[in-house]
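Overview (structure and organization)
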Amino acid sequence: MTDVTVIGQGTTVRGRVSGAASLEIQGHVDGEISIEGELTIERDGLVSANVDARVIIVRGAVKGDLVAHDLVSLEAGARVVGDLKAPRIAIAQGALVRGQVQAGGGGSSSKLTSRASKPAMRVESAPRAATPARSEVKPAPRTVPSVLAGARGTNGSSAHASERKAPPPVVPVLKKVKGAIAKRR
Amino acid sequence: MAGTVIGSGISIEGEITSDDDLVISGSVRGKVIGKENVTIEQGASVEADVSGGTLTVQGSITGNINAADRVDLQTGARVIGNVRAARFTIADGAQFKGNVDMDV
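The structure reproduced in this document is the subject of the present report. Everything quoted here is computed from the prediction, not taken from an experiment. (Residues numbered from 1 in each chain as written. Chains lettered and ligands numbered in written order. Predicted model: local features only at pLDDT ≥ 70, side-chain atom pairs only at ≥ 80, totals over all residues. Heavy atoms only, no water.)

**So, the overall build of chain A**
Across its full length, chain A carries six helices and 13 strands. Sorting the 185 residues of chain A into buried and exposed places 38% on the buried side. Within chain A, counting contacts between residues at least 6 apart in sequence, those at least 24 apart form 13% of the total. Total accessible area on chain A is roughly 10100 Å²; 57% of this is exposed by carbon and sulfur atoms. (Helix = DSSP H or I, 4+ residues; strand = E, 2+ residues; numbered from the N terminus. Buried < 20%, exposed > 50% of the residue type's maximum accessible area, 1.4 Å probe, protein only. Contact = heavy atoms within 4.5 Å. Areas by Shrake-Rupley, 256 points an atom, 1.4 Å probe, with all protein chains shown as cover.)

Take a look at the structure:
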């Protein structure tokens, strides 16, 4: 019985929780959690900490990065603001996440790299930078017809060609993305 | 029952605040603030000031103890620190070193 650790609903822990056992959180934890067992954050649980565990199951709220060596499972009702990293990640319907999700690839090397290279990870978010590329496609159809129309009207196609190159709306879109990242921080 | 249990495999560095019953079997360094029953079980290692309503000690505490109601050091308890409580018992086989303040 005493092998199971429960942070009850009326309990707040401020600081570092570590060990080789499993942990169930119904109350508040503010600090850092690093355990070798299974961490369950229950519906009323509120965790403001970076978490490192073998298995992380979330039904409550977390603000911080979740790194699991086996599985991260966000169940209905979970609210997570932070990055997820694990070999296996499950996000159920009704779970809310804001952050980077990195599934697959052993989570074993994760602990140090994820913290040390955090800015690098953000830069590395090339897949995210791909979103401007997607939105870049949108303005293209807009400009092309006008360019075509201009090309029909006048023969100065070279000028219009440069016009076509000119308005890559990447910069404002990137700004938005940067803003989003800043907000997340 | 419910409440909070710190199992034997867990160590906490920091502060635990609880309105519920609190059972500690693991290791805690920092501060323990309970309101109801606080039980330090055998094998537990607590290096912290501990407060609570009723404190039952079977493990080891290094730090001051402050209970609103009572403190019971049971067999196997090892306490180094001052105790302040309305009622205080030390069982045969409990180790204790410190001052006692019982609001006489």
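**Quick look at the pattern of salt bridges**
Residues and elements named next belong to chain A. Counted according to the given criterion, the structure contains 11 salt bridges over all chains. Residue Arg-54 is joined to Asp-70 by a salt bridge in which the shortest nitrogen-to-oxygen separation is 3.9 Å. In this pair, Arg-54 is assigned in strand β6 (residues 46-58) and Asp-70 in strand β8 (residues 66-74), connecting sequence segments 16 residues apart. For Arg-54, a relative accessible area of 37% corresponds to the partly exposed category. (Salt bridge = Lys/Arg side-chain N within 4 Å of Asp/Glu carboxyl O.)

**Side note on a nonpolar patch on the surface**
Residues Ile91(A), Val97(A) and Val101(A) make up a contiguous nonpolar surface patch of about 210 Å² in total accessible area. Inspection of the secondary structure puts Ile91(A) in strand β11 (residues 88-91). (Patch = residues over 30% accessible without salt bridge, like charges linked within 9 Å, V, L, I, M, F, W, Y side chains within 5 Å.)

**Some thoughts on the pairing of β8(A)**
Two faces make up the sheet, and in a regular strand the side chains alternate between them. Residues and elements named next belong to chain A. Counting buried positions over the nine residues of β8 gives seven, a clear majority of the element. Of the strand pairs in this sheet, β6 and β8 are connected by seven bridges, and their pairing is parallel. By the bridge assignment, Val-58 is partnered in β8 with Leu-74. Pairing of β8 with strand β10 (residues 84-86) involves two bridges; the strand directions are parallel. Among the inter-strand pairings, Val-67 is bridged to a residue of β10, identified as Lys-85. Where β8 meets β11, four bridges bridge the pair, whose relative direction is parallel. Counterpart to Ser-73 in the pairing with β11 is Ala-90. (Pairing = 2+ DSSP bridges.)

**Remarks on the environment of Thr17(B)**
Following the sequence through the fold, Thr17(B) ends up in strand β2 (residues 10-18). With relative accessibility at 23%, the residue Thr17(B) sits in the partly exposed group. Ignoring sequence-local partners within four residues, the contact set of Thr17(B) consists of Gly10(A), Thr11(A), Thr12(A), Arg14(A) and Ile33(B). Reaching out from Thr17(B), the side chain makes a polar contact with the side chain of Glu15(B) at a distance of 3.5 Å. (Polar contact = N/O pair within 3.5 Å; in protein donor to acceptor, adjacent residues only side chain to side chain.)

**Topic: the side chain of Thr54(B)**
Residue placement: Thr54(B) occurs in strand β6 (residues 45-57). Each residue touching Thr54(B), except ones within four places of it in the same chain, is listed here: Glu36(B), Asn37(B), Val38(B), Asp69(B) and Arg70(B).

**Here's the deal with the nonpolar core**
Soluble globular proteins: nonpolar side chains tend toward being buried together. Residue and element names in this part refer to chain A. Counting residues in each nonpolar core, the largest one holds 54 residues, and the members touching the most others are Ile-33, Leu-39 and Leu-66. It is β6 that contributes the most residues to this core, six residues altogether. Among all residues touching Leu-66, those that are not within four sequence positions of it are Val-51, Ile-56, Val-58, Val-72, Leu-74, Val-80, Asp-83, Leu-84 and Lys-85. (Core = buried A, V, L, I, M, F, W, Y, C linked by side-chain atoms within 4.5 Å.)

**Things to note about the interface of chain B and chain A**
Taken together, the 20 residues of chain B in the interface contact 22 residues of chain A. Summing the contributions of chain B and of chain A, the shared interface buries around 1600 Å²; its carbon and sulfur component is 47%. Area buried by chain B at its contact with chain A is led by Val5(B), Ile10(B) and Glu15(B), which between them contribute 30% of it. Summed over the shared surface of chain B and chain A, the number is one salt bridge. The partner of Glu15(B) in a salt bridge is Arg14(A), and the shortest N-O contact between them spans 3.1 Å. Of all the secondary-structure elements, those providing two or more residues to the side of chain B that touches chain A are β1 (4-6) and β2 of chain B. In terms of residue class, the side of chain B that touches chain A is built from five nonpolar, 10 polar and five charged. Sheet topology places strand β2 (residues 11-19) of chain A next to β2(B); nine bridges connect them, and they run antiparallel. Note on β2(B): the bridge partner recorded for Thr12(A) is Thr17(B). (Buried area = accessible area lost by both parts, 1.4 Å probe. Nonpolar A, V, L, I, M, F, W, Y, C, P; charged D, E, K, R; others polar.)

**Brief notes about the packing of aromatic side chains**
Following the criterion strictly, the structure yields one aromatic pair over all chains and no others. Pairing Phe88(B) with Phe96(B) gives two aromatic rings, centres 5.5 Å apart and planes at 70°, and the pair type is edge-to-face. (Phe/Tyr/Trp six-rings, centres within 6.5 Å; stacked < 30°, edge-to-face > 60°.)

**Observations concerning the pairing of strand β5 (residues 37-40) of chain B**
Bridge count between strand β3 (residues 22-24) of chain B and β5(B): three bridges; the pairing is parallel. Counted as the bridge partner of Leu22(B) is Val38(B) from β5(B).

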